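# Fold and geometry: a report
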Amino acid sequence: MTETAPGALPGSPCAGPAAWPGPGEPDRMRSLLDAVMSLGHGLELPEVLRGIVEAAVKLTDAEYGALGIVGDGRTLLEFLPVGISEQLAAVIGRTPCGRGILGELIHHPEPLRLTDLSSHPRSFGFPPHHPPMRTFLGVPVRVRDEVFGNLYLTEKRGGASFDADDEAVLTTLSIAAGVAIDNARMYDESRRRERRLEALGEITRTLLSGTDADEVLHLIAERAMEVAGADRAAILLPTPPASVSRASEAPGAEARLTVAVAHGRDAERVTGLSVPARGSLAGLAARTGTPVHCADVRTDPRAHPFGDGAEDGLGPVVTVPLRVDAETRGALRLGRPAGRPPFDDTEVALVSGFADQAAIALELAHRRAESEELAVMHDRDRIARDLHDLAIQRLFATGMTLQSTTRAIADRPDAAERVSRAVDDLDTTIRIIRSTIFDLRTADGPGRGGLRQRMAETARTAETALGFRPALRIDGPVDTTVPDELAEHVVAVAAEAVSNASRHARATRIGIALSADEEVTLTVTDNGIGIRDGVAADADEPVAGRTGGLANMRTRAELCGGTLTVERPADGGTRIIWRAPLHD
């Protein structure tokens, strides 16, 4: 049945229903009572709805019947036909949406009969392959004074028209149908709430057990999809992780939401895809802090479907924000296949509960990470105190003892020299321990980390090209005393010096030393062929106005008010010393 088939003409010659039942219809009355009793036993809504249409067709001896469920926009949200096979329905095409003759009953919800559909002024005819239909009878189905939908019947068997008794039977059935639908909806809602409570309880237990946040988010997506009757659930988080409301307000920032967790249809294909925070349903929900839903993600101008065909066949979508206090951490997005009904207010409320749990999981994971980081920092501070109060003091005392011993063995030069070297080694060990203490007490904030960490990264990166890792030594509180702008130059010069040694000097050993006192001093030493020999001299020194690595390093030194010195040690190789003052 299509939307041009069932309709009714206002002012039809058919008047209201006559008194019913008339004489000789006890069997029909019994059939109506049986149908009403049967509807009262049903609890599953889809089963009840189909039972209503089948009972209507049987009681009125109609060839075709349908129940059209009316949506908020005064259109047909669902259309449940009886009498047309699935094969024929597939050939006919899309189901009616409530225009044409079917719209008459939607806008005028009163019992209506029509003896000839083609005579109606709003009849558009039938689509190809549609069976012929002439007679029509329709009545509204009300649930608590609200029009839930309409019952449509066409083609009374035997070529007759629907009469007043048929209208009376269908009207009576529609009243019983309204009660049955209401009961089924309440039962369905109670079942969904029960499943929601069970799922939320399971999620809460998982959260309290200390389970990894990613595993909890997968569980939330799975349970939300099941309870809401969706085909796919996805949790989208800001990239990089942050508050969407803050990121979207940053000047020039183009915040995006990335699918961190997905479950259901094409989950693996969707995971990792992203949408803009401005210009998507998920972004809109995250920015406004309120749920957003649409009937068809493919046509909604507010939507930004995932690319690469990941949204093929998806229709209704709902997104709810993940909120913690005043911040929004992302959105939970659920989708259904095209043709399925949109998410109603009850389902949105159910999904919002899962979004709250997801937000709690993210916040709990964040707090746990902070707690673990704090515990590590406390442990580092304790180790630093122990090293300073115990190890350094003992080493210092040992060095003093050895220094006093040298006077007692002054007549033995070899022994005195060995003791002196031991004292020097102790001084070096003390400097290394102090550097370690500075490292332990440095708390790198968010971003790239401190200078000490960045220098270590430079050494690790050079290992790939060199085949060995340069030795790195850092003395002093470089993270706290070297300004960020100066640190940028230090890292760049270190990388340039190591790169030169790798490309031109044919070095097999490179040492990097960084210290910070009154000035920052960077020393890079290699055992290569030397700065003045062969390729190294031609490649690195400015020749005929050309700039090279040494010129860049010298320029950086001058910009910082410092100096660059290139030396050739007695044992060969090259030593580059780059200095810059810490204070003007």
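I will try to describe carefully the structure that is included in this document. Bear in mind the structure is a predicted one, so any value in this text is a computation, not a measurement. (Residues numbered from 1 in each chain as written. Predicted model: local features only at pLDDT ≥ 70, side-chain atom pairs only at ≥ 80, totals over all residues. Heavy atoms only, no water.)

### Topic: the overall build of the protein
The number of helices and strands found in the protein is 16 helices and 16 strands. When the 584 residues of the protein are sorted by exposure, 44% land in the buried category. For the protein, restricting intrachain contacts to residue pairs at least 6 apart in sequence, the fraction spanning at least 24 positions comes to 64%. Per element, the accessible surface of the protein, about 29,600 Å² overall, is 52% carbon and sulfur. (Helix = DSSP H or I, 4+ residues; strand = E, 2+ residues; numbered from the N terminus. Buried < 20%, exposed > 50% of the residue type's maximum accessible area, 1.4 Å probe, protein only. Contact = heavy atoms within 4.5 Å. Areas by Shrake-Rupley, 256 points an atom, 1.4 Å probe, with all protein chains shown as cover.)

### Topic: the sheet that holds strand β12 (residues 471–475)
Strand order in this open sheet of 5 strands is β12-β13-β14-β16-β15, and the pairing throughout is mixed. A single partner strand is all that each edge strand has here, and the edge strands are β12 and β15 (563–567). If you compare each strand with its neighbour and ignore which way they point, the axes differ by 10 degrees on average. Pairing analysis gives 5 bridges linking β12 to strand β13 (residues 510–516), with the strands arranged parallel. Residue leucine 472 lies in a different strand from β13, and its bridge partner there is isoleucine 512. (Pairing = 2+ DSSP bridges. Axes fitted to C-alpha atoms, helices over the stretch in contact; angles between N-to-C directions.)

### A closer look at the packing of helix α12 (residues 451–466) against helix α14 (residues 484–505)
Taken N-terminus to C-terminus, the directions of α12 and α14 make an angle of 15 degrees; their axes are 10 Å apart at the nearest point. Between α12 and α14, the crossing angle belongs to the class labelled roughly parallel. You can see that α12 and α14 cross each other, and the crossing is right-handed. Residue-level contacts link Leu451, Arg454, Met455, Thr458, Ala462, Ala465 and Leu466 of α12 to Ala487, Glu488, Val490, Val491, Ala494, Ala495, Val498 and Ser502 of α14. Taken together, the residues that form the contact of α12 with α14 break down as 11 nonpolar, 2 polar and 2 charged. (Parallel < 35°, antiparallel > 145°, perpendicular 65-115°, else oblique. Left-handed = near helix turned anticlockwise from the far one by under 90°. Nonpolar A, V, L, I, M, F, W, Y, C, P; charged D, E, K, R; others polar.)

### Thoughts on the environment of alanine 62
The residue alanine 62 is located in strand β1 (residues 62–70) in this model. Alanine 62 sits in the buried class, given a relative accessible area of 0%. When the C-alpha positions of alanine 62 and lysine 156 are compared, they lie 4.2 Å apart, and in sequence the two are 94 residues distant. Beyond its immediate sequence surroundings of up to four residues, alanine 62 is in contact with Val57, Leu153, Thr154, Glu155, Lys156, Arg157 and Phe162.

### Re the packing of aromatic side chains
Counted by the stated rule, this structure contains 2 aromatic pairs. Look at phenylalanine 136 and tyrosine 152: their rings are 6.3 Å apart centre to centre, the planes differ by 35 degrees, and that puts the pair in the tilted class. With phenylalanine 136 in strand β4 (residues 136–143) and tyrosine 152 in strand β5 (residues 146–156), this pair connects stretches of sequence that are 16 residues apart. Since its relative accessible area comes to 1%, phenylalanine 136 is described here as buried. Its relative accessible area of 0% is what places tyrosine 152 among the buried residues. Here the aromatic residues Phe79, Phe136 and Tyr152 are joined through ring pairs into a cluster of three or more. Just above the ring of phenylalanine 343 sits the side chain of arginine 336; from NZ or CZ to the centre is 4.0 Å. (Phe/Tyr/Trp six-rings, centres within 6.5 Å; stacked < 30°, edge-to-face > 60°. Lys NZ or Arg CZ within 6 Å of the ring centre and 35° of its normal.)

### Some details on the sheet that holds strand β7 (residues 256–264)
Here we have 6 strands laid out as an open sheet, ordered β8-β7-β6-β11-β10-β9, and antiparallel in their pairing. For this open sheet the edge positions go to β8 (274–276) and β9 (292–294), each flanked by a neighbour on one side alone. Put simply, the sheet's adjacent strands are angled 25 degrees from each other on average, direction ignored. With 3 bridges connecting them, β7 and β8 associate as antiparallel partners. If you follow arginine 256 over to β8, its bridge partner there is proline 276. Sheet strands touched by helix α6 (residues 213–228): β6 (232–239), β7 and β11 (327–337). Its angle to β7, the strand with the most contacts, is close to 65 degrees. Against the sheet, helix α9 (residues 281–288) touches β6, β7, β8, β9, β10 (314–324) and β11, its axis set at about 30 degrees to β10.

### Side note on the pattern of salt bridges
Two side chains bearing opposite charge may form a pair once their charged atoms approach each other closely. Considering all chains together, one arrives at 18 salt bridges under this definition. As a salt-bridge pair, aspartate 61 and arginine 157 come within 3.6 Å of each other at their nearest N and O atoms. Of the two residues, aspartate 61 sits in the loop between α2 (45–60) and β1 while arginine 157 sits in the loop between β5 and α5 (164–208), which places them 96 residues apart along the sequence. A relative accessible area of 37% places aspartate 61 in the partly exposed class. Here arginine 157 falls in the partly exposed class, since its relative accessible area comes to 41%. (Salt bridge = Lys/Arg side-chain N within 4 Å of Asp/Glu carboxyl O.)

### Some points on the nonpolar core
For soluble globular proteins, the rule of thumb is that nonpolar side chains tend to be buried together. The biggest cluster of nonpolar side chains holds 34 residues, and the ones touching the most others in it are Ile220, Ile235, Leu322, Leu332, Leu334 and Phe354. Elements with a minimum of two residues in this core: α5, α6, β6, β10, β11 and α10 (345–408). The residues touching leucine 322, leaving out its near neighbours within four places in the chain, are Ile235, Leu237, Glu327, Thr328, Arg329, Gly330, Ala331, Leu332, Ala355, Ala358, Ala359 and Leu362. (Core = buried A, V, L, I, M, F, W, Y, C linked by side-chain atoms within 4.5 Å.)

### Let's talk about the environment of valine 259
Looking at where valine 259 falls in the secondary structure, it is placed in strand β7. Owing to a relative accessible area of 2%, valine 259 belongs among the buried residues under this scheme. Valine 259 sits 47 residues away from phenylalanine 306 along the chain, and the two C-alpha atoms are 10.0 Å apart. With sequence-adjacent residues up to four places away left out, valine 259 is seen in contact with Ala234, Ile235, Leu236, Val270, Thr271, Gly272, Leu273 and Phe306.

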